[in-house]
Amino acid sequence: LESDGVMFDIVPGEKLSLKDLLHGAIVISGCDASNVAAESLEGSIETFMQSLNLYIKKRGIVDTHLTNPHGLHMPEHVSTAIDIAKMTKLAIKNPNFLKIFSCKFFIRPQTNKQNKKEIITNNKLMKPGEYYYKNVIGSKTGYHAKAKYNLVSVAKKDNRTLIAVVLGCSTTDVRFEDTIKLFNLAFSEKKQTKVLIEKEKLFFSKINGAAKIVKASLKYDLDIDYYLSEEMDLKAIVVYDDLKAPIKMGQKVATIEIKNKDNEIIQKANLYAKQSVRRVFFRFLKELFVKS
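Here the structure is a predicted model, which is why all the values come from computation and not from measurement. (Residues numbered from 1 in each chain as written. Predicted model: local features only at pLDDT ≥ 70, side-chain atom pairs only at ≥ 80, totals over all residues. Heavy atoms only, no water.)

**Q** Could you clarify how one ought to interpret the pattern of salt bridges in this entry?
**A** Here the idea is simple: oppositely charged side chains can pair when their charged atoms come close. This structure, assessed with the given rule, holds eight salt bridges. The partner of Asp262 in a salt bridge is Lys89, and the shortest N-O contact between them spans 2.6 Å. Here Asp262 is found in the loop between strand E11 (252–259) and strand E12 (265–273), whereas its partner Lys89 is found in helix H4 (residues 81–91), with 173 residues between them in sequence. Taking the relative accessible area as the measure of exposure, Asp262 reaches 40% and is therefore partly exposed. Judged by relative accessible area, which is 35%, Lys89 ranks as partly exposed. Connected through shared salt-bridge partners, Arg160, Glu189 and Glu230 make up one network. (Salt bridge = Lys/Arg side-chain N within 4 Å of Asp/Glu carboxyl O. Helix = DSSP H or I, 4+ residues; strand = E, 2+ residues; numbered from the N terminus. Buried < 20%, exposed > 50% of the residue type's maximum accessible area, 1.4 Å probe, protein only.)

Printed below as a string of structure tokens:
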């Protein structure tokens, strides 16, 4: 490991839990903790990195290639701000990760080789002082001579969770200053409302055994609240109920689901029949005789 690296001070033969190693990697950037965790999980660092790269590629993180667990410089170890944000978004869905990501200090337990000791974060967003940011729920610094000063942070305010990534900053303080500016600007935005589907819009569907096409609509406009800075890449999917004729006017026949680019449902509403639709007579007779 090069001289830029911080250590968790692991000694040969020492026994530590994976939880301890993750605290060492995240709270103080312990490069040795990252290496030991990777080797323990997959048998070797090389195998771990292969698995990790395959995992992130499957999740649309395509401009990143990782060649070590700790982040120190290697020519082919590359990523982008947007990819780091995507990886962070995946990671914070895991409550165990988020708990460590938000940790400001940790008691390194007594082991078979060393006494217990306290480790404290140097992340100025999370400590009282000039750059303390009360809305931050997790943050991680990064540095080496070639990449300079970097920071990924997650903040939450008014049920809105944001991720900020700054890379290549000239000094350690610049990364905190720029992150705070990004968060303050984003959190100052006002929500906008946009109608996605008007209640007058008609939807048509063939229902099994119905004498005619079923017309359906919303009871109210389907709208969405959003922030101007957030990209709206949405799709609407109509999911019809398992129905058979006859259909009564006002009966629920389907649901409209609005999904984002991650295929998550962010809004939905029911569709209701605009008129009654009777059953086809001959089909009714056929079903009657089959049952008999």
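**Q** How should I be thinking about the pairing of strand E4 (residues 148–157) in this particular structure?
**A** Side-chain positions along a regular strand alternate between the two faces of the sheet. Judged from the eight bridges that link them, strand E3 (residues 136–144) and E4 form a sheet pairing that is antiparallel. Bridge pairing in E4 links Ser139 to Ser153. Connecting E3 to the next strand, E4, in antiparallel fashion are three residues. Two elements, E4 and strand E5 (residues 160–169), share eight bridges in a ladder whose sense is antiparallel. (Pairing = 2+ DSSP bridges.)

**Q** Can you help me understand the nonpolar core in this one?
**A** Soluble, globular proteins show a tendency: their nonpolar side chains are buried together. Counting residues in hydrophobic clusters, the biggest one holds 19 residues, and the most contacted among them are Ile197, Leu218, Leu222, Ile247, Val253, Ile256 and Leu271. Taken together, the elements giving at least two residues each to this core come down to strand E8 (214–217), E11 and E12. Tallying contributions element by element places E11 first for this core, with four residues. Apart from the residues lying within four places of it in its own chain, the contact partners of Leu218 are Ile197, Glu198, Lys199, Ile256, Ala269, Asn270 and Leu271. In terms of nonpolar packing, the next biggest core, distinct from the first, is built from 16 residues, Tyr131, Leu162, Val166 and Cys169 among them. (Core = buried A, V, L, I, M, F, W, Y, C linked by side-chain atoms within 4.5 Å. Contact = heavy atoms within 4.5 Å.)

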